[in-house]
Amino acid sequence: MALLPSRCKLGRHTLDHSQFRAVVRDGEAHISCLACTTNGFDDAWRLAATAPAPDSAELSEERYFELVLHRANRALTASR
């Protein structure tokens, strides 16, 4: 099972079955918030897969916070 972030990339919207689109292509999962898409924001999480695609996935609040922390750490490291 895969864990997907439960919030949009900007953290404004909680994702559920009617508010996002997830597509796997070329070893990457693209998770788009449909509410952000209409506002012209960079709305898609792009998550690389290191294993074959799982049979199922679920939304995870913890996964969202892990990704946000990772993104913040990368930004801090790049600015040094």
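For the structure itself, look to the data block above.
Right, let's walk through the structure included here. The shown structure was predicted, so the numbers you read here are calculated from the model rather than taken from an experiment.

1. Examining the overall build of the protein chain
In terms of helices and strands, the protein chain carries two helices and five strands. When the elements of the protein chain are put in sequence order from the N terminus, they spell out β-β-β-α-β-β-α. Over its C-alpha atoms the protein chain spans a radius of gyration of 13 Å, differing by no more than 12% from the 12 Å that the globule rule assigns to 80 residues. Judged by the C-alpha coordinates and their principal axes, the protein chain covers about 40 × 30 × 25 Å. By the burial criterion, 25% of the 80 residues in the protein chain qualify as buried. Within the protein chain, contacts between residues separated by at least 24 positions form 49% of all contacts whose residues are at least 6 apart in sequence. When the accessible surface of the protein chain is summed, it comes to about 5600 Å², and 53% of that surface belongs to carbon and sulfur atoms. Between the averaged position of the 10 positive side-chain charges in the protein chain and that of its 10 negative side-chain charges there is a distance of 9 Å.

2. Concerning the nonpolar core
Ranked by size, the top nonpolar core spans twelve residues in total: Leu-4, Cys-8, Leu-15, Phe-20, Ala-29, Ile-31, Cys-33, Cys-36, Trp-45, Leu-47, Tyr-64 and Leu-67. For this core, the elements supplying multiple residues, two or more each, are strand S3 (28-33), strand S4 (44-48) and helix H2 (61-78). If sequence neighbours within four positions are ignored, Leu-47 has contacts with Pro-5, Gly-27, Glu-28, Ala-29, Ile-31, Arg-63 and Leu-67.

3. Some details on the environment of Gly-11
Locating Gly-11 in the fold gives a position in the loop between strand S1 (2-5) and strand S2 (20-25). Residues Gly-11 and Phe-65 lie 54 residues apart in sequence; the distance between their C-alpha atoms is 9.6 Å.

4. Here's the deal with the side chain of Ser-32
Inspection of the secondary structure assignment puts Ser-32 in strand S3. Take Ser-32: its relative accessible area is 9%, and that puts it in the buried class. Residues contacting Ser-32, with those up to four places away along its chain left out, are Gln-19, Phe-20, Arg-21, Thr-37, Asp-43 and Ala-44.

Rules used throughout
- Numbering of residues starts from 1 in each chain and follows the order in which that chain's sequence is written.
- pLDDT decides what is reported in this predicted model: residues at 70 or higher carry local features, side-chain atom pairs at 80 or more are listed and counted, and totals for whole chains, interfaces and linings draw on all residues regardless.
- Computation of side-chain values: all heavy atoms of the structure, hydrogens and water removed.
- Note on conventions: DSSP H or I runs of at least 4 residues are helices, E runs of at least 2 residues are strands, and numbering of each starts at the N terminus.
- As a reference, a globule follows 2.2 Å times the number of residues to the power 0.38, and the radius of gyration itself is taken over C-alpha atoms.
- Relative accessibility thresholds used throughout: buried, under 20% of the residue-type maximum; exposed, over 50%; partly exposed, between the two (1.4 Å probe, protein chains only).
- Residue contacts are counted whenever heavy atoms from the two residues lie within 4.5 Å of one another.
- Accessible surface area values rest on a Shrake-Rupley calculation with a 1.4 Å probe, where residue burial reflects the displayed protein chains alone.
- Positive charges are assigned to Lys and Arg, negative charges to Asp and Glu, while His and the chain termini are left out of the count.
- In plain terms, the charge of a residue is placed at NZ if it is Lys, CZ if Arg, CG if Asp and CD if Glu.
- In these notes, a set of buried Ala, Val, Leu, Ile, Met, Phe, Trp, Tyr and Cys residues joined through side-chain atoms within 4.5 Å is what counts as a nonpolar core.

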